[in-house]
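# Notes for the structure review
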Amino acid sequence: MNHAGVELLCPAKINLGLRVVGKREDGYHDLETIFQRVTLFDRLRVEWRQSEGVRLACPDSNLPEDRKNLVWRAAEAFLNRVGAERGVSLTLWKSIPVSAGLGGGSSDAASALLALNQLFGNPLSRTDLSSLGVSLGADVPFFIMETSTALGEGIGDRLTPVTLPRMWFVLAHPTFEVSTAMVYGSLDLRLTRQSWDVKRTLFNQSSFKIENLLYNDLETVSVKAYPEINAIRDALVCAGSSKALMSGSGPTVFGLFPGREAAVNGSRYLNETHALKTSVVRSF
């Protein structure tokens with residue numbers, strides 16, 4: 001049992017590829033997607049508290065600090081699972097934009113489960129934590145895995161680790177948020193790209209190119225609601241990206257660059273000519 005508290009970084013993710021295979025009876029969608037961790041982080045600290053239950057603080061943020069927050073619910077689920085008699089205090093410092101297609105909420109929830117497990121002396125396995133995580137959100141199990149990149153199937157919870165070369169990206173952050181529920185609710189499955197075969201693209205060593213992975217069925221919906229996304233994608237290409245794509249349900253758009261220097265220069269171009277907020281990140 002850890003008496004000093006545990007602090008973890010909570011990484012963002014981008015979806016290098018995302019195809020919607022179909023809609024399930026439970027309302028979720030079956031997917032094929034490539035999750036990729038990138039070097040943009042929130043920070044989470046967990047500590048013991050004298051009284052029972054969960055206390056959450058989100059300094060310098062408008063996020064809820066009660067059960068409406070996924071981190072709070074993750075902590076509650078963990079305490080219930082291990083039958084804890086002591087309470088915990090969590091502090092979350094946000095850097096990943098909210099409702100941006102970067103998985104910040106899911107990453108924070110996964111980090112809460114991992115940190116609490118350390119605090120309590122690791123009573124649960126990674127498999128146990130993933131089972132708790134999927135009840136909180138479909139992306140949570142990916143952030144519990146010890147892998148940088150994974151092929152996600154089902155609702156995104158059936159994960160296969162993948163090895164890809166290091167990549168540099170510029171993330172362009174629009175000022176608006178996009179509702180994931182709205183995007184999936186508006187998706188016309190008749191228009192999804194059934195011919196895009198992520199597994200063949202991913203595992204065909206003779207003709208593999210990262211650019212061939214970059215595809216997102218959800219772009220059509222988000223771009224229709226927010227045409228600015230298209231303009232940002234074009235701006236990233238003008239800034240030197242070999243290809244640009246919206247991540248997840250958006251609105252964050254990422255551009256793939258050949259190296260750090262090119263990414264830094266591309267970010268500067270977008271800042272100066274398009275007044276876009278950007279982050280230079282790499283895969284890890």
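The structure under discussion appears in the preceding block.
A brief report on the enclosed structure follows. In this text the structure is predicted, and so the values were computed from the model without any measurement.

## As for the packing of helix α1 (residues 70-82) against helix α3 (residues 126-134)
As a packed pair, α1 and α3 sit with axes 10 Å apart at the nearest point and diverge in direction by 130°. As summarised for this structure, α1 and α3 are arranged oblique, according to the angle between their axes. Two packed elements cross with a definite hand, and for α1 against α3 that hand is right-handed. Taking contact as the criterion, the partners of A77, F78 and R81 in α1 are, on α3, D128, L129 and L132. Residue composition of the contact of α1 with α3, by class: four nonpolar, no polar and two charged.

## Observations regarding the pairing of strand β9 (residues 243-246)
With four bridges connecting them, β9 and strand β10 (residues 253-257) associate as antiparallel partners. For L245, the partnering residue across the bridge sits in β10 and is F254. The turn joining β9 and β10, which pair antiparallel and follow one another in sequence, is formed by six residues; a positive phi near 55° is taken by G248.

## A short note on the nonpolar core
The biggest cluster of nonpolar side chains holds 39 residues, and the ones touching the most others in it are V88 and L90. Beyond its immediate stretch of four places on either side in the chain, L90 contacts L44, R45, V46, V54, R55, L56, A57, V71, A75 and A112.

## Remarks on the side chain of S111
In this structure, S111 sits in helix α2 (residues 104-119). In contact with S111, not counting residues within four places along its chain, are L8, L9, C10 and L44.

## A short note on unusual backbone geometry
Peptide bonds are, in most cases, trans, and in most cases residues other than glycine have a negative phi. Geometrically, the link from G250 to P251 is a cis peptide bond, its omega value of 5° lying close to zero. One can find P251 in the loop between β9 and β10. One non-glycine residue, N122, adopts positive backbone phi at about 60°. Along the chain, the position of N122 falls in the loop between α2 and α3.

## Structural notes on the layout of surface pockets
Of the volumes computed, that of the largest pocket is approximately 1000 Å³. At the level of elements, β1 (6-23), β2 (29-49), α1, α2 and α5 (180-186) are the ones that each hand at least two residues to the lining of the largest pocket. Per element, the largest residue contribution to the lining of the largest pocket is four residues, and it comes from α2. Among the residues forming the lining of the largest pocket, the class breakdown is 21 nonpolar, 15 polar and six charged. Space inside the second largest pocket adds up to approximately 300 Å³. I96, P97, V98, P174 and K277 are the residues nearest the centre of the second largest pocket, which is lined by 15 residues in total. For the lining of the second largest pocket, a count of residues per class yields seven nonpolar, five polar and three charged.

## A short note on the environment of N69
Turning to its location among the elements, N69 is positioned in the loop between β3 (54-57) and α1. A relative accessible area of 8% places N69 in the buried class. Apart from the residues within four sequence positions on either side, N69 is in contact with L56, C58, L63 and P64.

## Digging into the sheet that holds strand β11 (residues 277-282)
Pairing is antiparallel in the open sheet, where four strands are placed in the order β9-β10-β7-β11. Whereas interior strands pair on both sides, the edge strands pair on one side only; in this sheet they are β9 and β11. Looking at each pair of strands side by side, their axes are set apart by 25° on average, direction ignored. With six bridges joining them, strand β7 (residues 168-173) and β11 adopt antiparallel strand pairing. Across the sheet, the residue bridging to F169 is V281, located in β11. On the sheet, helix α9 (residues 228-238) packs against β7, β9 and β10 and is oriented at approximately 15° with respect to β10. Of the strands in this sheet, β7, β10 and β11 touch helix α10 (residues 260-274), which is tilted by about 175° from β11.

## Here we look at the packing of aromatic side chains
Scanning the entire structure with this criterion turns up seven aromatic pairs. Three or more aromatic residues joined by ring pairs make a cluster, and in this case those are F35, F142 and F143. Lying across the ring of W93, R43 places its NZ or CZ 4.0 Å from the centre. Between R86 and the ring centre of W48, over which it is positioned, the NZ or CZ distance is 4.1 Å.

Thresholds, definitions, all that
Residues numbered from 1 in each chain as written. Predicted model: local features only at pLDDT ≥ 70, side-chain atom pairs only at ≥ 80, totals over all residues. Heavy atoms only, no water. Axes fitted to C-alpha atoms, helices over the stretch in contact; angles between N-to-C directions. Helix = DSSP H or I, 4+ residues; strand = E, 2+ residues; numbered from the N terminus. Parallel < 35°, antiparallel > 145°, perpendicular 65-115°, else oblique. Left-handed = near helix turned anticlockwise from the far one by under 90°. Contact = heavy atoms within 4.5 Å. Nonpolar A, V, L, I, M, F, W, Y, C, P; charged D, E, K, R; others polar. Pairing = 2+ DSSP bridges. Core = buried A, V, L, I, M, F, W, Y, C linked by side-chain atoms within 4.5 Å. Buried < 20%, exposed > 50% of the residue type's maximum accessible area, 1.4 Å probe, protein only. 1 Å grid on protein atoms, 1.4 Å probe; cavity = no way out; pocket = protein on both sides within 12 Å on 5 of 7 lines; lining within 4 Å. Points joined across faces, edges and corners; volume = space filled by probe spheres on them. Phe/Tyr/Trp six-rings, centres within 6.5 Å; stacked < 30°, edge-to-face > 60°. Lys NZ or Arg CZ within 6 Å of the ring centre and 35° of its normal.

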